[in-house]
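Here's the letter readout for the chains.
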Amino acid sequence: MNALGLCLEASTTMSVNHLLYGDIHNNGHVIIAFVTDPTGVLDINKGAMLESFTAARDPMFYRWHKFIDLFFEQHRRKLTPYTLKDWTVLRNLEINSFSTVISDQDIYNLSLPARLETTNHLYNYMGREDLTIYDPEPKQITNFGIKKSVPFSFKLNVRNTGRSDVRAVFRVFVVPETDEPFDVWRLLAVELDRFVVPIRAGQSREIVRSDKDSSVVLPPELTVGHILQGQVESKPPCGCGWPRNLLIPRGREAGMRTKIIVLATDWAEDGVEPDEGLFGSIAYCGKLGKPYPDKRPMGFPFDRNTTWSEVRNQSGRVYMPSFEEAIINQAPNAAVANVTITYLAEFNEPNGGDNVSAEKEFFRENSKITDNEKNLSYVLDSDESSSEDEPNIVRKSLSSLRFFYG
């Protein structure tokens, strides 16, 4: 896997043959960014794909990265599938409950209607932000729309049934609800967080993890305003990670049903430096100047297929359980939460306009989601533009991009 990564990335010294394989990933970004003016004759700005800070704003970013992902997926399909043993290395840790929660205070701060569901229901909306332009003095203020999420937290109740203290690493993923087989829908899993929590022997404890602390997202951005106020860090944070406002999928106005899955494994075995936790935006980019902190493959346990053990029902019939049934019955250190994600359309936050009462009424109307609307769950569609001989995995992957990022 490392050799393949070095061939796809810009390593001139570690690639098996840099002259042959080149820098396909990075060169793709550059070519797409230059596509509107490849020779510079028009003297126009290059596309967003040129810089890592802005690349995710170009819709082509997602298709390009799915193309890169497929190189690795073709390799992973040649590897031995995981088994139940790979999932249950920390059987002494039981996850007794798992959910997402939204605080009443966050609903109040955003002037949201109190009737919004606060458990296992997440919300996105189109908010507004002001942008001050410095050249070098502030000369213009631009107000623009940006997708935002109502703040939320993961809430877990866990118990260490063993005789030894553990440092558990919790791996959290979201995946759309679908009836596709596991080997297809695992490709749709998106990592939301990864964090380490110490738990003493015999201890039961509640864990609350804010979305603001996600190991996936970019660190807070340093703006000119911060610099003028003297808020300058001696060492700038790594600029790698997922945009904070894109942590969860957009959702649908009628509600989109998803599953959020958490798996706990032993950080003493998985951590490169097990005495240290996971801090900052490490999930996608690791730590600057150090090895990637997790010994497990990126995307574990969804990076490859899993072969579950057959089970016997009450009538004695032996059958292969579904993924969720296997998780519930065979993996005590994993849990699944059925979470609905709703898009509340455009909403000007209280500090972004004066028409707050009208906005609150708009939210009230858009939050009246009936059971029938909730049942409009996502069904993975085929990509009609794909040719018949295109691998099924490609068609499924491309259609999932339309679903997840609108």
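Quick note: structure is the one above.
Parameters at a glance
- Residues numbered from 1 in each chain as written.
- Predicted model: local features only at pLDDT ≥ 70, side-chain atom pairs only at ≥ 80, totals over all residues.
- Heavy atoms only, no water.
- Helix = DSSP H or I, 4+ residues; strand = E, 2+ residues; numbered from the N terminus.
- Buried < 20%, exposed > 50% of the residue type's maximum accessible area, 1.4 Å probe, protein only.
- Contact = heavy atoms within 4.5 Å.
- Areas by Shrake-Rupley, 256 points an atom, 1.4 Å probe, with all protein chains shown as cover.
- Polar contact = N/O pair within 3.5 Å; in protein donor to acceptor, adjacent residues only side chain to side chain.
- Axes fitted to C-alpha atoms, helices over the stretch in contact; angles between N-to-C directions.
- Parallel < 35°, antiparallel > 145°, perpendicular 65-115°, else oblique.
- Left-handed = near helix turned anticlockwise from the far one by under 90°.
- Nonpolar A, V, L, I, M, F, W, Y, C, P; charged D, E, K, R; others polar.
- Pairing = 2+ DSSP bridges.
- Salt bridge = Lys/Arg side-chain N within 4 Å of Asp/Glu carboxyl O.
- Patch = residues over 30% accessible without salt bridge, like charges linked within 9 Å, V, L, I, M, F, W, Y side chains within 5 Å.
- Expected span 1.5 Å × (residues − 1).
- Arc of directions from axis to C-beta.

(A) Main features of the overall build of the protein. Scanning the protein for helices and strands turns up 13 helices and 13 strands. When the 406 residues of the protein are sorted by exposure, 45% land in the buried category. Within the protein, residue pairs in contact and separated by at least 24 positions form 69% of the contacts whose partners lie at least 6 positions apart. A total accessible area of about 22000 Å² is found for the protein, and carbon and sulfur atoms account for 51% of it.

(B) Focus on the environment of Arg186. In this fold, Arg186 is placed in the loop between α7 (182-185) and β7 (190-199). Excluding its chain neighbours within four sequence positions, the residues that come into contact with Arg186 are Glu73, Arg77, Phe302, Asp303, Arg304 and Asn305. A polar side-chain atom of Arg186 sits 3.4 Å from the main-chain carbonyl oxygen of Asp303.

(C) Expanded view of the packing of helix α3 (residues 24-33) against helix α4 (residues 60-76). Their axes nearest at 11 Å, the elements α3 and α4 cross at an angle of 160 degrees. With respect to their mutual orientation, α3 and α4 come out roughly antiparallel. The element α3 and its partner α4 pack so that their crossing is right-handed. Residue-level inspection shows Ile24, His25, Gly28, His29 and Ile32 of α3 in contact with α4, the latter providing Met60, Phe61, Trp64, His65, Phe67, Ile68 and Phe71. When grouped by side-chain class, the residues that make up the contact of α3 with α4 number 8 nonpolar, 4 polar and no charged.

(D) Inspection of the sheet that holds strand β8 (residues 204-210) at higher detail. Within the open sheet, the 3 strands sit side by side as β2-β5-β8. Their pairing is antiparallel. A strand with exactly one partner marks an edge of an open sheet, and here the two such strands are β2 (93-101) and β8. Shown here is a sheet whose adjacent strand axes are inclined to one another by a mean of 20 degrees, direction ignored. Two elements, strand β5 (residues 153-160) and β8, share 7 bridges in a ladder whose sense is antiparallel. Within the sheet, the bridge partner assigned to Val158 lies in β8 and is Arg205.

(E) Fine view of the pattern of salt bridges. Using the criterion set out here, one finds 16 salt bridges in the structure. Residues Arg77 and Glu73 are paired through a salt bridge, measuring 3.1 Å at the closest nitrogen-oxygen approach. Of the charged contacts, one joins Asp270 and Arg296 as a salt bridge, the two residues approaching to 3.2 Å between their closest N and O atoms. Taken together, the positions of Asp270 in helix α9 (residues 267-270) and Arg296 in the loop between α9 and β10 (306-307) put the pair 26 residues apart, joining distant regions of the chain. Each of the two residues, Asp270 as well as Arg296, counts as buried. Within the structure, one salt-bridge network assembled from shared partners comprises Arg171, Glu191, Arg194, Asp270, Asp294 and Arg296.

(F) Fine view of a nonpolar patch on the surface. Together, Val16, Leu20 and Tyr21 line one region of the surface with nonpolar side chains, adding up to about 350 Å² of accessible area. Within the element layout of this structure, Leu20 appears in helix α2 (residues 18-21).

(G) Examining α4 more closely. Between its first and last C-alpha atoms α4 spans 24 Å; for 17 residues at 1.5 Å apiece the expected length is 24 Å, and the two agree. Those residues of α4 that fall on the buried side of the exposure criterion are Phe61, Tyr62, Trp64, Lys66, Ile68, Leu70, Phe72, Glu73 and Arg76.

(H) Local environment of unusual backbone geometry. Here the bond from Phe300 into Pro301 is cis, since omega is 10 degrees, no more than 30 degrees from zero. Note on placement: Pro301 falls in the loop between α9 and β10. At Asp43, a position not held by glycine, the phi torsion is positive, near 55 degrees. Mapped onto the fold, Asp43 is located in the loop between α3 and α4. Looking at Asp43, the relative accessible area reads 70%, which means it is exposed. Of note, Asn120 is a non-glycine position whose phi angle comes to about 55 degrees, a positive value. Residue position: Asn120 is located in the loop between α6 (104-109) and β3 (121-134).

(I) Up close: the pairing of strand β9 (residues 256-266). β9 sits mainly inside the fold: 10 of its 11 residues count as buried. As paired elements, strand β6 (residues 166-176) and β9 share 9 bridges and run antiparallel to each other. Each residue of the ladder has a partner; that of Val169, found in β9, is Thr265.

(J) Representation of α3. Along α3, the residues classified as buried are His25, Gly28, His29, Ile32 and Ala33. Each buried residue of α3 lies within a common arc of 125 degrees when the element is viewed along its axis, so the set occupies one face.

In short, shape yes, function no, at least from these values alone.
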